[in-house]
Every structure is written in structure tokens, then in C-alpha cells.
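A structural walkthrough
Listed below are the residues making up each chain.
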Protein chains: 4
Amino acid sequence: MHLRFHTAGESHGRGLIAMIEGVPAGLDLDMDRDVNPELRRRQAGHGRGRRMDIETDCAELISGVRLGQTLGSPIAMIVWNRDWENWRTAMGQKPPVEEVSPKALRPVHLPRPGHADLVGVLKYDRQDARDALERASARETAARVACAAVAKRLLAELGIGIGSHVVALGSVEAKEPAQLPENLNEVSDRSPVRTLDAEAEARMIEEIDRAQEAGDTLGGIFEVVVTGLPVGLGSYVSWDRKLDARLAGALMSIQAIKGVEIGLGFHGARLPGSRVHDPILRDPAKPRTGGYGRATNHAGGLEGGVTTGEPLVLRCAMKPISTLMKGRLPSVHLLTGEAAEATAERSDVCSLPAAGVVGEAMAALVVADAVLEKFGGDSLGEVRRNFDSYLAHLASR
Amino acid sequence: MHLRFHTAGESHGRGLIAMIEGVPAGLDLDMDRDVNPELRRRQAGHGRGRRMDIETDCAELISGVRLGQTLGSPIAMIVWNRDWENWRTAMGQKPPVEEVSPKALRPVHLPRPGHADLVGVLKYDRQDARDALERASARETAARVACAAVAKRLLAELGIGIGSHVVALGSVEAKEPAQLPENLNEVSDRSPVRTLDAEAEARMIEEIDRAQEAGDTLGGIFEVVVTGLPVGLGSYVSWDRKLDARLAGALMSIQAIKGVEIGLGFHGARLPGSRVHDPILRDPAKPRTGGYGRATNHAGGLEGGVTTGEPLVLRCAMKPISTLMKGRLPSVHLLTGEAAEATAERSDVCSLPAAGVVGEAMAALVVADAVLEKFGGDSLGEVRRNFDSYLAHLASR
Amino acid sequence: MHLRFHTAGESHGRGLIAMIEGVPAGLDLDMDRDVNPELRRRQAGHGRGRRMDIETDCAELISGVRLGQTLGSPIAMIVWNRDWENWRTAMGQKPPVEEVSPKALRPVHLPRPGHADLVGVLKYDRQDARDALERASARETAARVACAAVAKRLLAELGIGIGSHVVALGSVEAKEPAQLPENLNEVSDRSPVRTLDAEAEARMIEEIDRAQEAGDTLGGIFEVVVTGLPVGLGSYVSWDRKLDARLAGALMSIQAIKGVEIGLGFHGARLPGSRVHDPILRDPAKPRTGGYGRATNHAGGLEGGVTTGEPLVLRCAMKPISTLMKGRLPSVHLLTGEAAEATAERSDVCSLPAAGVVGEAMAALVVADAVLEKFGGDSLGEVRRNFDSYLAHLASR
Amino acid sequence: MHLRFHTAGESHGRGLIAMIEGVPAGLDLDMDRDVNPELRRRQAGHGRGRRMDIETDCAELISGVRLGQTLGSPIAMIVWNRDWENWRTAMGQKPPVEEVSPKALRPVHLPRPGHADLVGVLKYDRQDARDALERASARETAARVACAAVAKRLLAELGIGIGSHVVALGSVEAKEPAQLPENLNEVSDRSPVRTLDAEAEARMIEEIDRAQEAGDTLGGIFEVVVTGLPVGLGSYVSWDRKLDARLAGALMSIQAIKGVEIGLGFHGARLPGSRVHDPILRDPAKPRTGGYGRATNHAGGLEGGVTTGEPLVLRCAMKPISTLMKGRLPSVHLLTGEAAEATAERSDVCSLPAAGVVGEAMAALVVADAVLEKFGGDSLGEVRRNFDSYLAHLASR
């Protein structure tokens, strides 16, 4: 019970609620500087549908901040759905007062493979898959990003930074850079597909455009990188304290993610130990690791579920978007039981670049939680005091 | 707060405690039939070191079962460490009463890359890496397997089965079988590397033997498969209820695991949507899915973090074991700060086959928790009544 | 992780957020019928200050309900603070853009004994006690009541009812009725002090009026009663599953509550066992207890932390309100360190009648959680099926 | 997820497991000095039955400590049941291999009012109430006390002390001392009924002896006091972070506790605010409160769910023991449904003095958790550094 966050809201409902609790007091927080730019980053990227134009998300602050500073109390925000007016009937809280055509309720009776349409209807015993898809939709991640913007602010105060970039989109692989740019997001955000490899970028855009024409969709792989970490976050003493476990759970919880790996990940499973483990060196220039360094970072910054102080390197595999606009997938009508093509709800072709931003969000929330677990602290000053005193102690060992 | 499990114990300490809580009453449980065979499975496999011969693990039941049946109360077991006599001094609870040579305490001052040796010493402010490695060791997984044996018994009562097999070991890939054998473990357990591909098996054994000669180590990839699941376990309504998230967290918490994927996983990220999503069909022969079937199972049995009723297919990447016996990795002496080769504590060459058993364990614990979440129930009879009534309702929709 | 609820919001901020998660799908929910009347009940009672007139609380639904039914997804509501316009500067999110008088920020530098003013300022390292009191205020309970209104709806569907009444107000004790009225709240809500004893009612009102004149405040004792419970909610198998523990924690968390007792409570501690324990009888008319009855209900419906099926009887001691309008208590100026009288922020004389409604709320949330823990269920139909099947099984034992 | 503890074990089973997890490394821990004396304190007191003589509890350490210091890993202990040999058949893990008389299984078919016998049998669907009572028994508290002994050691390192005394036993009330003795337990442990009032002590012993003769039982009220606390533990920001809520839940979870109050508690509900709230003063001699003091401590050390730095004063009402040896209570035979007297399992007349020790245990566990929540820290040195730095900051405000 350090940092907790909660979201609520349907994709075409009134709006999304983002609530984050356990944030220390005394943190400067400004929606326009800290939160809304993150929401915009989540909406960008080549391959997004029309909705991204309709709605520029903007979070309204409801609680937890006074006169520019956090109070220690829960921070709640609302991201209103700007399209709500068009959905008042279909997503109304009450049944329509007068008779409306069944179509006005926009029911979904042809569940889409890959979505939660069918499982949701069966689990929650509904007739209309809209009752499931509205919450299962990745629209919910806007609320996660809003919460994480607060966590990122806290981490930034401690010199911990988080960025991401796309390493593969559909069949196109980006070349791994010799070294990541220091301010990763400044570079990746400049690319419409958030990749660092300009040459691959062109082919990725092409692949998206081709998929769009074909009515098909794409996924890919993004990488989240966290820098400035001290050694010693997370723990091996119990399975649910391991930071690798907590990160993997958080990242896999993102809609459409089907794989998570850390450092060398799956590739490392194929190499012998002599080529995998990261030699330990003295490196007095690294106060955050107590003066130890590594010749490589194949472990992706985690040994035994604990940060080594090297950058966290996390990669996520995103499946292609489930809604196909042409060549739609076989489905079964929920009411009649007859075979038919799945519904096509307006959708993106590829939302991978945005998914990286959501990946950053989940990583930030987990890491901030681990920071508060190790350092405690009810005010930013107290967190910082305890953080600095740990680094000083590491230096003096 | 459905099923909870806890472990305690150091690798060379007195023993391991395994505690599982929240198990319904009225479940037949017999240590020799249900638990100890699982512990033995965890110890098998080509590539294991001498310890596996010294210690055939055996769990002693302490609580939670009376006259052959669970009581609903916490089930606690101890797996005594048979080697304890040799470690009484080094792992003693008290400082030695008389003077002993420093070596008798078996301190570890040359942290091994890949282990938690260095991070543990820095995080917990210790001088001797043994204080960290004893708990971080994968020996702890014996306690997980003991807990999971109980979960597996519960799942078996509901017709849910769990198995695993090795799909890649070091550089050797097993051929994917056209179809998995129905009783997966019966087949995979017959192989010394727990693979289904007899041809690959030979090469895997060879690769292990070569690594052993070279003083090197190996990892690989195993797959866990859960069958007999009803549609509707887990949920998309909140990030931490998603079954994919919970499974990924649990699997990544296993020592040496660096990657987790579900269904097509990373491979699916490279394909277009039209080739990934699993067409929905009517299939009246499937009561556990309400009479729906899928043409394929690329989703690995999970859509929106909810079971589809198709088999769960989970793959984990295990890094090679961190302790190299020859060509040891560069390290730094914890007390002198001087560069030196890392310690070599007695170790296996490859423990991948056993890791698959641990993977089954974590999957079983998560799935059993999700079953109790959906079906409630304080006795096996009540769980089963609610389970059956759900299936009957699905059939009647 | 069955039912979870979260609140956010400051007393004079933009509004309060109420979020409840884990509610089954398919529950009819109407704000005007189910939620808002509960909010009004929380605002009633003799002894309330002016604010209750200014603000008639009304919850706006944001998510979780479509076309009149719950979806299984988180239900979020906002209770806007109607007084917000007057607090825009003092409770602004940003520092004022132009210079304002320090008074416009309504700082509180004279912490009030009994409130969290001083502890909040020291813990969270603030200068202005408003940063603490705004969240610590009992205004937050409006959000709890909104969440609980949903839990009450669920419980009502299963025939479980919750009510409360005042048993002592200041020095005035109500006579215990021979038997509680069947619809407790219909009776108690008719009384301006929510008591069942008409004679005591008059004296309670008088005592409040006298306290008001004297600038003093009052507390008292209320009783929450839950009826229609099945035997077997909660558990003795682990300390944190005990329903008495969970209820006591939830009730003690209500602002100003300093004591909680169950059944005979403190009085029972003074009696011999022969006069305390409730004789067990056959009572075939009671299907919810498997046909067992009790000659008395001194245990207050809980044995070993498990419901007996007899009514839950919970009593809470509320301290008098901390803000005195006259004869204010000694305090110390936070900035100067000088002794002075504590601040008087507009306040009630006695809010005990309303506190009973909050007590009902917390009890409802805990009991609904225990119901879902035992019966599982993702839809109302499934919860009910499992509930009924348990009762049928009890009958057949 | 700071400090967690778990217990397992049946009253007449093999033994009890006590596991505490989240304890910082580097804490000196010695079973004979720190844990076993606490177990003996739990067994003392006038009014205990024969069992206390049979079994002098002694905890065997299994894990978490090496060479005299905690490692940060879970600390597990076993308290073996010394009477186990006599219960091998009745509490055997397996059904008896040869035929035994039904009596040898010591079934309980006449549930005792006040115990969990009946509710346990119905909830967990058992035939024999022994399946319930063995876990519901207060014997389990030995494991809590063992865990808490570790928490107490940690708190002692920070100057936080915990003690308890009996303030009423049956109908005998102890006089409240003008001031509590500084080392409370040294004084109260000297009394066979753990009271500070020598005159009441004699009458309490007499009342116990009379009850024993009558085959009756007694309860009473004990008070737990925690001293040396800093201001600022716990929080008002969310209901489940409030320290009063957490303490009340933990204390009410103790077997036979039916009421919990803090400070003036129920008495304070009857007084006007002007006589209840604790005036705030400057008191530079109190570094743990930032130099603030209180003229009184009616709040019992908690305002808004946060420690004020004044002593925590917690009182618990314990009902009389449920097993009556004579004049047994009416019950119903579980198999025949016929009315009969309840079973009498060997039992104490009054275990109130011991219950106070269990009360200390639960308070210690909650407070230690709150300490780690605020101060973080993986080693004792780190906890202390952060603790001291907070006190220094309070002094400098």
C-alpha cells in the first residue's frame, strides 16, 4: 500500500476517471505542464483513426492538489469524452424514456475475435457485446497515462527518467542503436512511428499505409527504458516483491500486449551463460550503484528481481489491432447463433507508437511504487532525504 | 484474498516452509500421492548438479489436513534441507559459540554476475553475499511447487489440467508438434529434457554435455499449457484483475525467467491482424465455452485478460544459470574492492526442464485463485456446485 | 479483491469522487432511486450546521452503468461541491495568478485539538493546516455513502437489509426496544436524532440545543443492524479474513469514531459465560442458518468471525465534534509557536444521526465484499444462483 | 506490502507455523531472548487450564536469521505441539489405516455456543465440529505472538515500547492509576491477573476461583499502551490507511474480542467536546512530536487516524470463555438434530491476562508496519537513519 491507482470509465461513456493515491505531499503538479502533454503523446502516431482528431484528451483535476502542490491526498482527474453527445442514447445511464430504434442503442451482436466481446458477454451474462467492449477498450489507458504523469513527476525529482521507442512494427525491424540517446523521448516522439531508426521509419509508415488500404491491422514491439535508478529497488525475498514480476504484470495488463521481456529476454535464453551475464566492475562515477558498474546490461537492469542501477530495459509485444475493416473475421451472431462476419467498430490500423507511451506509464507507476516502498516518505522532502541518505551510505560502505 | 501462498527458507538453511491459504475444505489430499511426486519432478532433468542426488525433497505436512481431507485452514508444509548438517555452522542462527575459521562460515565476497549477490548486499546492507544468495536461490521454488500441488489437486477436481514441455534449450529448438498429447506431462516427463521432439532431445542433451565440459551453462524456453478451463476467468474491468497480467507477473517471478509470452506472443507482433485473431465458431461440443469454439488458438486462451476456454499457452524464457564453473566472470571483491573472478557455488549446468515444472506451479496457483474468485465456495462441493451451475447456465443461454 | 472502493476529494475542493469496483453486472441501478436518497440521509439530523442547507448532495454517475444496469466495470460517481465558487481561490489548483490578500487563501495556523490539523501538518510537512483538514474532514464520507448505496442494492437483491439508530446522544441514553422494528430505517429516519425512543428523543434535541448555545459539541453512540444474513460469511482461518475484524476496521475508519463493539461488547466482558453465550436450537423456519436458531443474540451475529445468521449488531462510539465555536481549546500558532485559541471552522454541533448512516455504509461495503468472497459471481444472476444453491444445500444437510 | 505475517496450524495438530515477512535485515534476533519469553507470557495468568502446564511453548526458528541477525528474508518459526502424541489418531493427516473406535477420532457433534463450532461446520460443510474448532481455537495466537516478538524487537530499536494490563476482570474493575509505570509489563507481569491495582487483584483471583468452582467462565477488559511513537504514523487520506482502523481490525481479530476502543472510547461519546479534546501546547522536550505536547491524552494517541506522539491507549473487551464445564449450554446434535448439552473440551476459566499479551502482539505488528510504511528501509540502519532524519526535520521546522 504505497502508490495505488485506479481507473474507471467506458470508451464512449461520460468520461474516464484516473485516481492515484499515496503520492507524497509537496510535489509541484501542473496539469498543463505535467499531465496533458502525456495524454497528447498517447494519442499521436501514424496509423491512428479518426477519433484521435475528434478528441484531444485533456484531464480535469478534481482533487489532491492545492495551490500548485500535492497534498498527500488522492489525486483524481477526469478525462471527459468529447464525443459523448453522440453517444447519449446508446450509452445512457437509463433506458431511453421514449421508444428509439434498436439501432440507436448501437448494440454489438457479432463479437470480434481478439477483443473481449465474446468472453465479456459470457462471463458477465450480457446480450450486447457493447456492455463488455466499452470497458475492455484501450481507451482506458488514457486514465493510466494521467496517473502515471504524476508518478513520472515524482521520479523526475529523484533523477529517474522514463522513455520508450518502437523496435519493430509489423514485419519491419528497427536497427538497434549503438547507444540510446540521452533524452530518449525527445528523439522518438519526433518520429511518427516513434522509432529511432530513420530508415526503418519510412518502411514502417509504408507498411501501415498498405495495411490500411487492405483493411488490415498491425502490431509490433516497443521498448521502455528507465534510467537513473538506484540499486536495490524490488526484492527477491518473496515472489510478489520481485520488481521483474511486478513490471511484467503491469505491462502485460496493457490491452493487446501478449509478451514481455527484460534485457536480452527470449534471445538470451538461446545463449550460453558466458555470453549473457554482466561482468561486475568498479565504477566510482556511479553513486547510484554504490560505485559498481557493469560491462554490459544484458540483464536489463534487474538481477533477482532487484534493480542493479543499470537502465531498466523492458520490451513488449503488441498483437495487431483486433478490428479489421475489410476481410473481416468469422464470428457468430450472439442472438441467432448464425455464422457471420465480426462487427467493425471504428478503429486504428496500428496504435503501437501510442502503446509505448502506455508502457512508460505502467513502468513509471511500478517503479514509483518501489521507490516509496524502499524510501518511505510522506513529503517530497522526506522521500528525497531518505533517497539521498541511501546514496550517501552506499558511497561510504 | 482468495488463494494466497507464502514461502520461507534459505537454500542451505534448516528447510523451506510452504503455506497455502484459502483452499476449500473437503479436498482429498495425500502428500505421497499429490505433493511429493511434484517435488520429485522439480528435481529431475539432465543437467542438474550433485545436489539433486543428495536431496530428494519430501514435504512434511504440518497443518490444514485432517483424516485425509483439507479443512479450509492454512495448509503448511516443511521441506527439510537434508544437507543441513553440513551447514550448521555457516548457516547457524547464532554466531558460533567458539572460534571457528572464517572459512567455516562460507562467506561469499565475490558476487556472481546474474545472481542477486551484489544487489542483495547493497540493498540489505550486508558484508557477505551469502546473506542474500541463500534466499534468492531457486531452491525456494520447491516450496512454490509444494503449494501448487494443492492447487493442482483442486483444479483436477474441476477437470482443469496443467502440463509443460521444453520448446528450446540453448540453441536447440524443438519442432512444434501438430497437436499436443492429451496428457502432456506423461509424455514430457519421460524425456530427460522434458521435450516432445525426440530428435531435438538428443541434440539438447549433447548441448548440455558440451556446456558442462566447457564449464558453461544453458537456459531455454518452456511452454506451460492449461486445459479444461471455462470461459470467463479473469477480467478486463481493472488492470490488476486481468488474468494475463497475473500470469505474467507470477511467471516472471520465477528465478532466472526473463521473458513471458502468451499464445503467438512476440511472433504475433510481426503478423497482420488477419492472420492473428482466432475466428469464432459455433461448437456445441464445448460446454465450457458456452458452445463457442475457435478455428485457431493464437491468443493462447486469453482475450482481454479473460479465458476464452481454449487452452492457456504460456511460454517463458529462462536465462542460462548464472554460476559458471570455468571461465568465471569478472567480479569485484566486496571487502577489498579489487577485481577478481566471481565465486563458483556448486550449481547445475541447466535446470530448464525443472523450471517448466515451476512454471506449471505458478500457473496453477494463479488459475486456482481465479477459479475461486469467480466461483467462490468454502468446500469442494460448493465450488463444484457453482462451477457446474455456471456451465449449465452457459448452455442454456 | 472482490469489492473495492476508493474515494477522493477535499471538503471545499471541486467535488468528491466515489468509485466502487467488483460489483456484478446486471444489477439495476438508478441514481435518483438508489444513491441520492442515501446522500440526503447522510445530511439530515438535528444539530447540523449551515452547510447542510447550502449543499444538497447529489451524485453524478460517470461510469459502470448502461441503460439502467451495472456492467461489471468500475462505477464512478462525482458529488460536486456546490460551494466551490466561494473557494476557487483558497482551494485553487494553481497559486493565484495575481496578488491576493493572504486571507483569501483561508490558511489555518491554529490547529484544532481533535482534528488531524496538527498531525497532518507535521506528517506531510505543510505550513497551512488547511492542506490537511480538507481531506481529513468527514465530508469525505459522502463518497463512502455513495459507494455503499450500490452495495446496499446488491445486498437487497439477496434479502439482506441494513439499518441504524442512535442509542445514546451525549449524556442521554435511549431505552433499548424489546424488539427492533422490522424496517429499522423507516422508523429511525423519522426521528430528527434517529432514535427509536420518543421520550429520549426530546431530551436529545434539548441537549443539542443547549450545546449549541454553549458553543459546545456532542457525540454519542449509534447501532448498525444487518438482517437477512446467511450463516457462514467471513472466516476464522486467518486473522484478516475474520468478519468481526473487517467490520471493526471499517467502522473505526469513520471520522470521529473511537470505539466499536459487537453484540454485548464491553458489557459482555463483565458477565459470566453462562449468561453470555447464545444457546443453539433447532429452528426449521430459518433456511439462512441451515435450520438452527439461537435463544439470544448476545454475540451480535458473529462467532469466530463468521456470521451465525442472526442479525449483525454493531455499535460505534463517536466523540463530540472537534470544532468548538465558543470556549475554544488551547492551541499553538504553527508559524509563530505562540499559544492561542484554536481556529473555528464552520461546523455542526452534533452529527451523530448522520454518522449512523455512514456506519451503515461501511457495514454494507464489508458485508457485500464477504458475500462476493463466499459466492463469487460476475452477474447478479450468478451471485443469486450460488447464494440460493448454498441455502438449498444447508437445508438438505 | 511492508510487514506481513501469516500463521498456520491446528490446536492439537503437529504444531503452529509463524511467518513474518518484510522485516529489515541487520536486526539482532535471538529466540531465547526475544521470542520464547513472549510465548511464556502468553501462557501465564491465573485461571488457565491444565494445558498450559503440559506445554511450555517454544519456537523453533526455521529461516530468516543467520549468525544472529535477520537477513531481510521471511522469518519462519514452528511452535511444536507437545501434546501431539496423544492426538496422532484423532488429528492424523490420513484416515486411520486400521479400524479404530469412532471415539478415537474425538469427534465433536455438540457445537458449543460462542465458539465457531456450528458456523464452521455449516460454512465448510463438515460433519465433525473438530474440523472447525481446531483452527478457530485461540491456540493460534501463539503464532501471532511469535511473529510479534520480532516486530517488538524492531520497535525497541527505535525506542518504541509496548505493554498491557488488565483493567477489568469479570465484574471487578481495577482502579485507574494516576500514571502508568514506565515499564508497564515489568509491573503487570508480576500480577497473576496482570493488573496494576493490588486490591482489585485479590478480588479478581477470587472471582476466577469462584467461577471455576461453578464451572463458569470469565472475560474482561485489557488495555494496550504503546509509547515512544513519533507523530505521523498512519494517515487520514484513505480509510484503509487510518491507523485507528488498522489497529481496531487487528485487535478485533483476536479470538473472543467483542469490543475495541481508543482513548476515552465509549466514555468519551457521552461527554461534551469541551471536556474531550486534548489542548495543544508547546513542549520542546518532545522531539518525537516536533515539540508539541498535549495537556491530556483523551484521544489515546490518535487524531484522524494518525499518531499524535502521545501514547497509544487501546482497550479490548473479551467475552467470557465459551466452554463451560458445568451447567453446559443448550445445543443440538449435528447428526441427529436432537437437543443436548454442548460439548466441554478441556479449557481455561479465564484467559484474559494472556489476551493482553496477544493484544500487545497485534498492536506491535500494526505499528511496525506503519513504521516501515513511513520510513521505508531494508536494513535496520536504513530504517533508523530515516527515522532519525524525520525527527531532526521536525525539530528544525
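Here, every reference points to the structure presented above.
I will try to describe carefully the structure that is included in this document. (Residues numbered from 1 in each chain as written. Chains lettered and ligands numbered in written order. Predicted model: local features only at pLDDT ≥ 70, side-chain atom pairs only at ≥ 80, totals over all residues. Heavy atoms only, no water.)

1. Some details on the overall build of chain A
- The secondary structure content of chain A amounts to eleven helices and 17 strands.
- Rg of the C-alpha trace for chain A: 22 Å, near the compact-globule value of 21 Å for 397 residues, within the 12% margin.
- Dimensions of chain A, computed from the C-alpha atoms along their principal axes, are close to 75 × 50 × 40 Å.
- Sequence-distant contacts in chain A: of pairs separated by 6 or more residues, those separated by 24 or more amount to 70%.
- Carbon and sulfur atoms make up 51% of the accessible area of chain A, which amounts to about 12,300 Å² in all.
- With 48 positive and 53 negative side-chain charges, chain A shows a spacing of 2 Å between the two charge centroids. (Helix = DSSP H or I, 4+ residues; strand = E, 2+ residues; numbered from the N terminus. Rg over C-alpha atoms; globule rule 2.2 N^0.38 Å. Contact = heavy atoms within 4.5 Å. Areas by Shrake-Rupley, 256 points an atom, 1.4 Å probe, with all protein chains shown as cover. Lys, Arg positive; Asp, Glu negative; His and termini not counted. Charge placed at Lys NZ, Arg CZ, Asp CG, Glu CD.)

2. A closer look at the relation of the copies chain A and chain B
- Rotating chain A by 180° and translating it 0.0 Å along the rotation axis places it on chain B, where the RMSD comes to 0.0 Å. Here the copies are linked by what is in effect a two-fold axis. Within chain A, the C-alpha atom positioned nearest to the axis of rotation is that of A:Gly249, 2.0 Å from it.
- In this assembly, 99% of the residues forming the interface of chain A have copies in chain B that are likewise at the interface, indicating an isologous arrangement. (Least-squares fit on C-alpha atoms with pLDDT ≥ 70 in both.)

3. Quick word on the packing of aromatic side chains
- The full count for this structure, using the stated rule, is 19 aromatic pairs over all chains.
- Ring geometry for B:Trp80 against D:Trp80: centres 6.5 Å apart, planes inclined by 25°, an arrangement best described as stacked. Taken together, the residues B:Trp80 in strand S6 (residues 75-80) and D:Trp80 in strand S6 (residues 75-80) connect one chain to another.
- For B:Trp80, a relative accessible area of 21% corresponds to the partly exposed category.
- In this arrangement the basic side chain of D:Arg282 is found over the ring face of D:Tyr292, its NZ or CZ atom lying 4.8 Å from the centre. (Phe/Tyr/Trp six-rings, centres within 6.5 Å; stacked < 30°, edge-to-face > 60°. Buried < 20%, exposed > 50% of the residue type's maximum accessible area, 1.4 Å probe, protein only. Lys NZ or Arg CZ within 6 Å of the ring centre and 35° of its normal.)

4. A closer look at the relation of the copies chain C and chain A
- Mapping chain C onto chain A calls for a rotation angle of 180° and an axial translation of 0.0 Å; the resulting RMSD is 0.0 Å.
- Taken together, the interface assignments show that 100% of the residues at the interface of chain C recur at the interface of chain A, consistent with an identical surface on both copies.

5. Things to note about the pattern of salt bridges
- The final tally for this structure, using the stated rule, is 168 salt bridges over all chains.
- Between A:Asp125 and B:Arg397 there is a salt bridge whose closest N-O contact spans 3.0 Å. With one member in each of two chains, A:Asp125 in the loop between helix H3 (117-123) and helix H4 (130-136) and B:Arg397 in the segment after helix H11 (380-396) form a pair that bridges those chains.
- Accessibility expressed as a relative area gives 34% for B:Arg397, which makes it partly exposed.
- Where B:Arg66 meets D:Asp131, a salt bridge forms, and the shortest distance between an N and an O atom there is 2.6 Å. (Salt bridge = Lys/Arg side-chain N within 4 Å of Asp/Glu carboxyl O.)

6. Regarding the interface of chain C and chain A
- At the junction of the two partners, chain C supplies 53 residues and chain A supplies 53 residues.
- For the pair chain C and chain A, the two sides together bury roughly 4,200 Å², of which 54% comes from carbon and sulfur.
- Of all residues in chain C, C:Arg66, C:Leu67 and C:Gln93 bury the most surface against chain A, accounting for 18% of the area lost on that side.
- At the boundary of chain C and chain A, one finds twelve salt bridges.
- Its salt-bridge partner being C:Asp128, residue A:Arg66 comes within 2.9 Å of it at the nearest N-O pair.
- The tally of links from chain C across to chain A stands at 25 residue pairs in polar contact (both at pLDDT 80 or more). (Buried area = accessible area lost by both parts, 1.4 Å probe. Polar contact = N/O pair within 3.5 Å; in protein donor to acceptor, adjacent residues only side chain to side chain.)

7. Topic: the environment of A:Gly219
- In this structure, A:Gly219 sits in the loop between helix H7 (198-214) and strand S9 (220-227).
- A relative accessible area of 0% means that A:Gly219 is categorised as buried.
- In the structure, A:Gly219 is positioned 50 residues away from A:Leu169 in sequence and 6.1 Å away in space, judged by C-alpha atoms.
- The contact partners of A:Gly219, leaving out residues within four places of it in the chain, are A:Leu169, A:Gly170, A:Met318, A:Lys319, A:Pro320, A:Cys350, A:Leu352 and B:Ala269.

8. Describing the nonpolar core
- Residues C:Met77 and D:Met77 are the most contacted members of the largest nonpolar core, which totals 209 residues.
- The contacts of C:Met77, once residues within four sequence positions are left out, are C:Leu16, C:Ile17, C:Ala18, C:Met31, C:Val35, C:Ala59, C:Glu60, C:Leu61, C:Ile62, C:Ala146, C:Cys147 and C:Val150.
- Membership of the second largest hydrophobic core comes to 208 residues, among which are A:Ala149, B:Ala200, B:Ala355 and B:Tyr390. (Core = buried A, V, L, I, M, F, W, Y, C linked by side-chain atoms within 4.5 Å.)

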